[in-house]
Amino acid sequence: MNRKKIVAGNWKMNTLYSDAIALAGNILAKTSAFKDIEKIIFPPFPFINDVAILLQSQPGFYTGAQNCSSFEKGAFTGEVSAPMLKSIGANYVLIGHSERRAYFKEDAKTLSLKIEQAFQAGLNVVYCFGEALAERKSGVHQRIVKTQLQEILSVMPQDKISDLVLAYEPVWAIGTGETATPPQAQDMHAFVRNCLVELFNKEVAEQIPILYGGSCNARNARELFNCPDVDGGLIGGASLNADEFSEIVKSF
Ligand code: PGA
């Protein structure tokens, strides 16, 4: 099966305007030769428009938002809607990142509303999920992940499947420098693909890209991307450096 290969950079709440434009420009210059790898950059909200204009100049580059509102429009002070993001050039939105779940108390109901908004607006979704350290230690990591998939994907419109990317991000690996080992990543990705067979069917399960995220960097990306069910990475810290990010893009 020829699934898309993707390297995505989640800049989180980092960079000021000039840094963001310089970083996007450097990433573009260093990775545009790798045409069969999809590159998605998730800058902070205020920089999406200008980063999107830059990245649109080359094929294979996409821009995304790190979050969107669960409402379409109206009196929701401070919120940013999915149609607004679409209108400024975003192609993707991240939904369910563990930092949103933990710090902003986003639960399954909120996340499914956000996904609905995103698809309605014509955005693609990277849906993030993953277990906490205590859950892995007590051996319930697969059950947790299955629940996180079921509660969102069971309400997913079938005609939007090709707009969906999954990102397995064990919480204990995010920003900690502790990466899942390739066997740990492969085990979970294969398990996720089996869940997709149960939720949809084999053909759909084979088609959905599953990214690994959590302290993925230029040193460990190659081994992780070599795993048969790992289709790329969602990169946090290491995506803030164009050299490091481009090394990761070259790791397939
Ligand atoms: P990290 O973050 O690469 O800094 O661990 C990954 C993420 O949160 O998406």
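Model, not experiment: these values are computed from the prediction.

Thresholds applied
Residues numbered from 1 in each chain as written. Predicted model: local features only at pLDDT ≥ 70, side-chain atom pairs only at ≥ 80, totals over all residues. Heavy atoms only, no water. Near = heavy atom within 4 Å. Polar contact = N/O pair within 3.5 Å; in protein donor to acceptor, adjacent residues only side chain to side chain. Areas by Shrake-Rupley, 256 points an atom, 1.4 Å probe, with all protein chains shown as cover. 1 Å grid on protein atoms, 1.4 Å probe; cavity = no way out; pocket = protein on both sides within 12 Å on 5 of 7 lines; lining within 4 Å. Points joined across faces, edges and corners; volume = space filled by probe spheres on them. Helix = DSSP H or I, 4+ residues; strand = E, 2+ residues; numbered from the N terminus. Buried < 20%, exposed > 50% of the residue type's maximum accessible area, 1.4 Å probe, protein only. Phe/Tyr/Trp six-rings, centres within 6.5 Å; stacked < 30°, edge-to-face > 60°. Lys NZ or Arg CZ within 6 Å of the ring centre and 35° of its normal.

### Brief notes about the site of the ligand
And then number 1: Taken together, the neighbourhood of the ligand is formed by 13 residues, with K12, H97, E169, G175 and S215 sitting nearest.
And then number 2: Within the side chain of K12, a nitrogen or oxygen atom sits 2.7 Å from an oxygen atom of the ligand.
And then number 3: Contact between the ligand and G237: an oxygen atom at 2.8 Å from a main-chain N or O atom of the residue.
And then number 4: A total of 280 Å² of accessible area belongs to the ligand in isolation, and the protein chains cover 95% of it.

### Describing the layout of surface pockets
By rolling a water-sized probe across the atoms, one finds the places where empty space is left.
And then number 1: Empty space within the largest pocket amounts to approximately 370 Å³.
And then number 2: The wall of the largest pocket is formed by 14 residues, among which K12, M13, Q66, R100 and F104 lie closest to the centre.
And then number 3: For the lining of the largest pocket, the element with the highest residue contribution is helix 4 (residues 98-103), accounting for 3 residues.

### Regarding the environment of A102
And then number 1: On the secondary structure map, A102 appears in helix 4.
And then number 2: The class for A102 is partly exposed, based on a relative accessible area of 39%.
And then number 3: A C-alpha to C-alpha distance of 28 Å links A102 and F225, two positions 123 residues apart in sequence.

### Description of the packing of aromatic side chains
How two aromatic rings sit relative to each other is set out by the distance from centre to centre and by the angle between their planes.
And then number 1: Taken as a whole and assessed by the stated rule, the structure comprises 7 aromatic pairs.
And then number 2: With a centroid separation of 3.9 Å and 5° between ring planes, the pair formed by F71 and F76 is classed as stacked.
And then number 3: On the basis of relative accessibility, which here comes to 33%, the residue F76 falls in the partly exposed class.
And then number 4: Ring centres of F129 and Y168 lie 6.1 Å apart, and the angle between their planes is 35°; on these two criteria the pair is classed as tilted. Of this pair, F129 sits in strand 5 (residues 124-129) while Y168 is found in strand 6 (residues 164-168), placing the two residues 39 residues apart along the sequence.
And then number 5: When its relative accessible area of 2% is taken as the criterion, F129 is described as buried.
And then number 6: Clustering of aromatic rings is evident, with ring pairs tying together Y127, F129, Y168 and Y212.
And then number 7: The ring of F61 carries K39 above its face, with NZ or CZ at 4.5 Å from the centroid.
And then number 8: When the ring centre of F104 is taken as origin, the NZ or CZ atom of R100, which lies over that ring, is 4.0 Å away.

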